[in-house]
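So the chains spell out like this:
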Amino acid sequence: MTQLKRTMRFAAGAGVAALLLAGCSAGSAAETDTVPSSSDAPADGPRVAVAYEGGVLIVDGESLEVIDDLPTEDFVRLNPAGDGRHAFVTTSEGFQLLDVREPELTDLVVEAAAAGHVVRHGGKTVLYDDATSDTTIFDTDSLADVDGELPEADVVEGVDAHHGVSVVLEDGTFVTTVGDAAGRSGIRAVDAGGAEIAASAECPGVHGEGTAQGEAVVFGCENGALVFDDGEITKLTSPDEYGRIGNAYVSENSPLVVMDYKDDPDMEGYLLTDIALVDTEAKTLEKVALPEGVSYTFRGVTRVENGDAVLIGSDGKLHLIDPATGAITASYDAIDAWEGPSEWQQPHPAIAALGNVVYVTDAANSTIVTLDAATGEVLASAELPEVPNEIAVVG
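Residues numbered from 1 in each chain as written. Predicted model: local features only at pLDDT ≥ 70, side-chain atom pairs only at ≥ 80, totals over all residues. Heavy atoms only, no water.

Got a minute to help me understand the confidence of the model for the chain in this structure?
Averaged over every residue, the pLDDT of the chain is 90; residues scoring 70 or more account for 89%. pLDDT under 50 marks residues 1-43. Its contacts with residues more than four places away, or in other chains, come to 137 contacts. (pLDDT = per-residue confidence, 0-100. Contact = heavy atoms within 4.5 Å.)

Sorry, what's going on with the side chain of threonine 106 here?
Mapped onto the fold, threonine 106 is located in strand E8 (residues 104-111). Judged by relative accessible area, threonine 106 falls into the buried class, the value being 9%. Polar side-chain contacts of threonine 106 include one of 2.7 Å to the backbone oxygen of leucine 97. Not counting chain neighbours up to four residues away, the residues in contact with threonine 106 comprise Gln96, Leu97 and Asp99. (Helix = DSSP H or I, 4+ residues; strand = E, 2+ residues; numbered from the N terminus. Buried < 20%, exposed > 50% of the residue type's maximum accessible area, 1.4 Å probe, protein only. Polar contact = N/O pair within 3.5 Å; in protein donor to acceptor, adjacent residues only side chain to side chain.)

Would you mind showing me how to read the packing of aromatic side chains here?
Both the distance between ring centres and the angle between the ring planes are used here to describe each pair of aromatic rings. Scanning the model with the defined rule gives 4 aromatic pairs in all. A centroid spacing of 6.2 Å and a plane angle of 25 degrees characterise the contact between phenylalanine 88 and phenylalanine 138, whose relative ring orientation is stacked. With phenylalanine 88 in strand E6 (residues 86-90) and phenylalanine 138 in strand E11 (residues 135-139), this residue pair connects regions lying 50 residues apart in the sequence. Here the aromatic cluster, defined as three or more aromatic residues joined through ring pairs, consists of Phe75, Phe298 and Trp344. (Phe/Tyr/Trp six-rings, centres within 6.5 Å; stacked < 30°, edge-to-face > 60°.)

Even after reading the chapter, I still don't get unusual backbone geometry, so can you show me in this structure?
Residues apart from glycine generally show negative phi values, whereas peptide bonds are mostly found in trans. A cis amide bond links glutamate 102 with the next residue in sequence, proline 103, at an omega value of -15 degrees. Within the secondary structure, proline 103 is located in the loop between strand E7 (94-99) and E8. Phi is positive for glutamate 215, close to 60 degrees, though the residue is something other than glycine. Structurally, glutamate 215 can be placed in the loop between strand E17 (207-211) and strand E18 (217-221).

What's the story with the sheet that holds strand E14 (residues 174-180) in this structure? I'm lost.
Within a sheet, each strand pairs with its neighbour through backbone hydrogen bonds, oriented either parallel or antiparallel. Pairing within the open sheet is antiparallel, and its 4 strands lie in the order E13-E14-E15-E16. At either end of the open sheet lies a strand with only one pairing partner, and these are strand E13 (166-168) and strand E16 (196-200). Direction aside, the axes of adjacent strands within the sheet are offset by 20 degrees on average. Sheet topology places E14 next to strand E15 (residues 183-190); 7 bridges connect them, and they run antiparallel. Pairing of phenylalanine 174 across the sheet is with valine 190, part of E15. (Pairing = 2+ DSSP bridges. Axes fitted to C-alpha atoms, helices over the stretch in contact; angles between N-to-C directions.)

The following block contains the structure:
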């Protein structure tokens, strides 16, 4: 395995101790998706990486034909690297680079004892190690030219290990979660020189990240959300005493963010029936109930090119959601109705988008389908040789 060169950029430790006083319980892992534009797709078209128990399938993004089958560990997670060529596969060794163009699961690994979130924003690909809270920062374009070794990266050393996430803004501002083994409490932002800009301990269970228009960064809390915008942090409070938000579904061309929402800490299973809408300009948070019979999991929501949210419901329909109101504006048949998992790691429908093309997996029937979000037209469908779990689209 090849390790990257470690280059210290700035420390994230000063002034953090006070934030740790507001500790909280940990939440389940999940990923936040970003939507690239179809106009940026390489000439050879999109590819889809599909994780299953023991491997990753590489699928042609147009025909849905299986191109290759690469063995892995039993359970892995998939994260587009943002360079149009690679994805990072989170394994027990760390972040392993998957080349979907060759295709090849390379031996290039950013070592991490607990590989966690991957964030793509502003020309940076940011990896977070939950075991150390170290953040590794690549120039995204440099990953596309990998040839036998990983490019140089900056590493921001963590302070106290926790399940967290970091993002780097275009001016070098570094925003990261704060927590320790006892729980997670908030976020902290420092400038490119390491000086603290803002900090907040008002986010118990802080989880997930999304960057909206104007580089307004949103984090979920067990009682609302935090918005870091123009150097300031704003706390948005859930309408329920317990109103947990764990994932942000964003469009970098819109100030409106769609987030998952859970109002019952004792709820069994992982099907959710409410969403949260955050307006990063107005600094508002609204809870919206989905229509009866429509529920989803954290893997079932993304954004498409025009800014709409799309959700694969347990009723098997692809629902288009207006991020301003939460209203379902259209519903299309996509897959069979399905039941929620008893554990989040278990295979269940997952969704991803490239432009206005939406990819949906059906774990119960081992199939994958693509739809045009604008019309609901089914563009392609195919059976898979394995039961699909997570997916990542590279284009």
